[in-house]
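Overview (structure and organization)
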Amino acid sequence: MVRGRGAARFRRRDRPFRPRRHVAARAGSARGARRAPPALPETGGWAGGGGGDDDSCPSVGERGAPGGVRPPGAHAAWPSLRRGAVTMQGGDEFISSPPKKTVRFGGTLTDILLKHEKGETTDFELLKHQLSDPDIKDAQIINWLHEFRVSVAYLTKEREQLVSILLKLPWLRRSREVVEEYLGFLGNLVSAQTVHLRPCLRMIVSHFHPPRITIREGDVDISDSDDDDENLPENFNTCHRALQTVARYVPSTPQFLMPILVENFPFINKSERTLECYVHNLLRVTVYLPTLRLQILELIIEKLLKLDVSSPQQDIEDAEETAHNSDSEEKSTEEGLFDMEEDEERKGNKVVSSSSERMAHPLAERLDILMTILFSYIKDICHVDGKLDINNTKDLYRDLVSVFDKLILPTHASCHVQYFMFYICSFKLGLAEAFLDHLWKKLRDPNNPSVIRQTAGSYIGSFLARAKFIPVVTVKACLDLLVNWMHKYIDNQDTGANAYCDVALHGPFYSTCQTVFYTFIFRHKQLLDGNLRKGLSYLQSLNFERIVMCQLNPLKICIPSIVNLFAAITRKYQLVFCYTIIERNNRQFIPVVRSGAGGDLVQTCTNPLDSFFPFDPYMLKRSKKTIDPFYQFWEELSAEDLENLKKPIKKGTSEDEDDDFLKGETPQNDGVVGIAPNSYESNTRSPVSSIGSPPECFVPYPQ
């Protein structure tokens, strides 16, 4: 993938759009001397989407203006657009200079079009036939384009069929001279006949992904993308130059372009290469048409969400396990072969094959590629010359938060797409705090739907638990806000008519309780690290006992794996004794019996909130490398730690006394080394079959 630096580094030219001048030739002779066409601009990443030093395609102007702002120096040429023909050279030099005369059937283009107006269609049909010829030569295309650029005034809506044929010309894979002439023709056409704007935009966008080729296998034609086309990067650059040319002459281009980008987005089951190229080109459009950035990000993330919810975590795990078992069987059959070569390879550096980075699940593989592109885009936009540009970062953050509110927050149990917020917040602590504050406002606002408030609570807890870049002081500040809100909620509800356990009535409260319990489980070592006395004093000030003992009974609603760990840790530090309430809840819990074709089925609801932790471990292999440095993995509790959880600390314990539980380091990101609580499976699953969920008796009750 091409990488770059950001939108702020587009180069602008101080001259209006000018094609090459042509020397008039004698009738029937070869074309006169021409100025050599300039080289295509070298792309430099997201900012290199086509704005180069070429006179024939100026960069779109500065950020914020609809459709792009005219570059400096272009104002003098702009009024000429209203007079029909574009002023391409000094005065009317271009219009007055005749094109090269050619020998062809049907006469000159102007004569053919005038005859067509009078009803004589023979030459006109011959013209369409010549332009549709698949074997048309470069010289023929150039000669025709010369004449069409002079005769754009005749290409009205009545001749849209002829324009359609012109837009289907195979211009991208032709010589550089053809490409330059075609770009000039597009500029003339859209400036003189804006009725053809949509067809021109559709033609350009159709080249945003690899061309389709047909492979015949037996009697079946299989259509697939041409992944072996070495000219794809150059073709994409040219397409972006063409789009900038159109936007330069038609300021309203963005409002017509966006619907076309939506309707041309490939289906999620298309090849990885097709999706990769299209998404990459959409993100390049945001660089020179910044007014479309929010809409394009919404479009891309909406498609990523479809991929994400179509590849659940359990399906990905099963596919990876199946692939691993299959690879193991293949290796076992080949054991003993080529031992000498393998020994030599082991002596050198370990080389990871590209197949080891592929996801076994096909939709997860597509999602992995697209998430890698999105992360690269975020990084390149936010960094200039390797340093964080705070203004660019704030602008992009606002757009991403808007997309998060519209698409991510209402979506239940997405696994990976939401990590774009995790990643951009890792750039600066202020962004992480702003995101937490945004979620907190969603949670406490009674005007929001209950499901949105509960999901916001899940995001707060998962973000506080998993983000390594969030310091303990921020965790404490968030816990203070959440716990104080819970105590006020209890004050209002505990003595009223609704003072009983009911998820429908008190869903946001239970979600907040689970958020606090989950954060406490992950961060309790850091909260107590350094000064045990002060740490215990802070935790006692949160008054967990009142929350656990209240009439709303949050321990009955929260996920059992979280409740068990919370009870064990709080018992160790004598913050609250939860087991009496847990046992009472278990006695009151009545399983649901459902009859079916296979007999009676006993079901137990272990997740009444239907909650999930959005920042559970990231599973996509390529894009995972971007997230892992900032991610807090769960640290396995050793047998000694489990035993210590049964032994409460005496209240008179000095802060200088040894405590085996606190000797351990805070969790490090060396890999998934243990089992952490999550919500994807019930607590009855074993840790072998469910990554992230402790078994039912993870911490035994005290005897």
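Residues numbered from 1 in each chain as written. Predicted model: local features only at pLDDT ≥ 70, side-chain atom pairs only at ≥ 80, totals over all residues. Heavy atoms only, no water.

In the nomenclature of an unreviewed UniProt entry, the protein chain corresponds to RRN3 homolog, RNA polymerase I transcription factor from the organism Otus sunia.

1. Description of the overall build of the protein chain
Within the protein chain, the secondary structure is distributed over 27 helices and six strands. Within the protein chain, buried positions represent 50% of all 703 residues. In the protein chain, of all internal contacts separated by at least 6 residues, the share reaching a separation of at least 24 is 77%. On the protein chain, roughly 33000 Å² of surface is accessible, and the fraction owed to carbon and sulfur atoms is 50%. (Helix = DSSP H or I, 4+ residues; strand = E, 2+ residues; numbered from the N terminus. Buried < 20%, exposed > 50% of the residue type's maximum accessible area, 1.4 Å probe, protein only. Contact = heavy atoms within 4.5 Å. Areas by Shrake-Rupley, 256 points an atom, 1.4 Å probe, with all protein chains shown as cover.)

2. A look at the pattern of salt bridges
If you walk through the whole model with that rule in mind, you get 23 salt bridges. Between arginine 202 and glutamate 263 there is a salt bridge whose closest N-O contact spans 3.4 Å. Placement of arginine 202 in helix H7 (residues 197-205) and of glutamate 263 in helix H9 (residues 253-263) is noted, with a sequence separation of 61 residues between them. Here aspartate 395 ties to arginine 398 by a salt bridge, and the two come within 3.0 Å at their closest N and O atoms. Separated by three residues within a single helix, aspartate 395 and arginine 398 lie in helix H15 (residues 390-408), roughly one turn from each other. Overall, the relative accessible area of 27% leaves aspartate 395 in the partly exposed class. (Salt bridge = Lys/Arg side-chain N within 4 Å of Asp/Glu carboxyl O.)

3. What to know about helix H4 (residues 138-150)
Taking 1.5 Å per residue as the helical rise, H4 with its 13 residues ought to reach 18 Å, and the 19 Å between its terminal C-alpha atoms agrees with that figure. Among all positions of H4, only Ile141, Ile142, Asn143, Trp144, Leu145, His146, Glu147, Phe148 and Arg149 are buried. (Expected span 1.5 Å × (residues − 1).)

4. Topic: the nonpolar core
The biggest cluster of nonpolar side chains holds 175 residues, and the ones touching the most others in it are Phe148, Ile378, Phe420, Met421, Ile424, Phe463 and Phe509. The element best represented in this core is helix H14 (residues 362-382), accounting for 13 residues. When residues no more than four places from it in sequence are discounted, the contact partners of methionine 421 are Tyr397, Leu400, Val401, Phe404 and Phe435. (Core = buried A, V, L, I, M, F, W, Y, C linked by side-chain atoms within 4.5 Å.)

5. A look at the packing of helix H10 (residues 272-288) against helix H11 (residues 293-309)
In the contact formed by H10 and H11, the axes pass within 9 Å of each other and the chain directions differ by 165 degrees. Judged by the inter-axis angle, H10 sits roughly antiparallel to H11. When you trace H10 past H11, the crossing you get is left-handed. Two secondary-structure elements touch here, H10 through Val279, Leu282, Leu283, Val285 and Thr286 and H11 through Arg293, Ile296, Leu297, Leu299 and Ile300. (Axes fitted to C-alpha atoms, helices over the stretch in contact; angles between N-to-C directions. Parallel < 35°, antiparallel > 145°, perpendicular 65-115°, else oblique. Left-handed = near helix turned anticlockwise from the far one by under 90°.)

6. Thoughts on the packing of helix H18 (residues 450-466) against helix H20 (residues 503-528)
The contact between H18 and H20 brings their axes to 8 Å, and the two run at 5 degrees. In terms of their interaxial angle, H18 and H20 are classed as roughly parallel. Within the contact between the two elements, H18 uses Ser450, Arg453, Gln454, Gly457, Ser458, Ile460, Gly461, Ser462, Leu464, Ala465 and Arg466 and H20 uses Gly507, Pro508, Ser511, Thr515, Tyr518, Thr519, Phe522 and Arg523. For the contact of H18 with H20, the per-class residue count stands at six nonpolar, 10 polar and three charged. (Nonpolar A, V, L, I, M, F, W, Y, C, P; charged D, E, K, R; others polar.)

7. Here we look at the packing of aromatic side chains
Using the criterion set out here, one finds 38 aromatic pairs in the structure. Geometrically, the ring pair formed by phenylalanine 265 and tyrosine 278 is edge-to-face, given 5.2 Å between the ring centres and 75 degrees between the ring planes. Here phenylalanine 265, found in the loop between H9 and H10, pairs with tyrosine 278, found in helix H10; they are 13 residues apart in sequence, far enough to count as distant. Residue class for phenylalanine 265 comes out buried when judged on its relative accessible area of 10%. Classification of tyrosine 278 as buried rests on a relative accessible area of 0%. Over the ring of tyrosine 249 we find arginine 248; its NZ or CZ atom is 5.1 Å from the centre of that ring. Geometry around tyrosine 538 places lysine 476 over its ring, the cationic atom sitting 5.1 Å from the centre. (Phe/Tyr/Trp six-rings, centres within 6.5 Å; stacked < 30°, edge-to-face > 60°. Lys NZ or Arg CZ within 6 Å of the ring centre and 35° of its normal.)

8. Notes on the state of the cysteines
A full pass over the atoms with the stated rule returns zero disulfides. Unpaired in this structure, cysteine 550 has its nearest cysteine sulfur neighbour in cysteine 513, at a distance of 6.6 Å. With a relative accessible area of 7%, cysteine 550 lands in the buried category. (Disulfide = S-S within 2.5 Å.)

9. Overview of the environment of serine 414
Mapped onto the secondary structure, serine 414 falls in the loop between H15 and helix H16 (419-425). Accessibility expressed as a relative area gives 0% for serine 414, which makes it buried. Residues serine 414 and proline 312, 102 residues apart in the sequence, show an inter-C-alpha distance of 7.9 Å. At 2.7 Å, the side chain of serine 414 and the side chain of glutamine 418 are in polar contact. (Polar contact = N/O pair within 3.5 Å; in protein donor to acceptor, adjacent residues only side chain to side chain.)

10. A look at the environment of isoleucine 165
When you line up the elements, isoleucine 165 lands in helix H5 (residues 160-167). For the pair formed by isoleucine 165 and lysine 128, sequence separation is 37 residues and the distance between their alpha carbons is 7.2 Å. When near neighbours in sequence (up to four residues on either side) are disregarded, isoleucine 165 contacts Lys128, Leu131 and Ser132.

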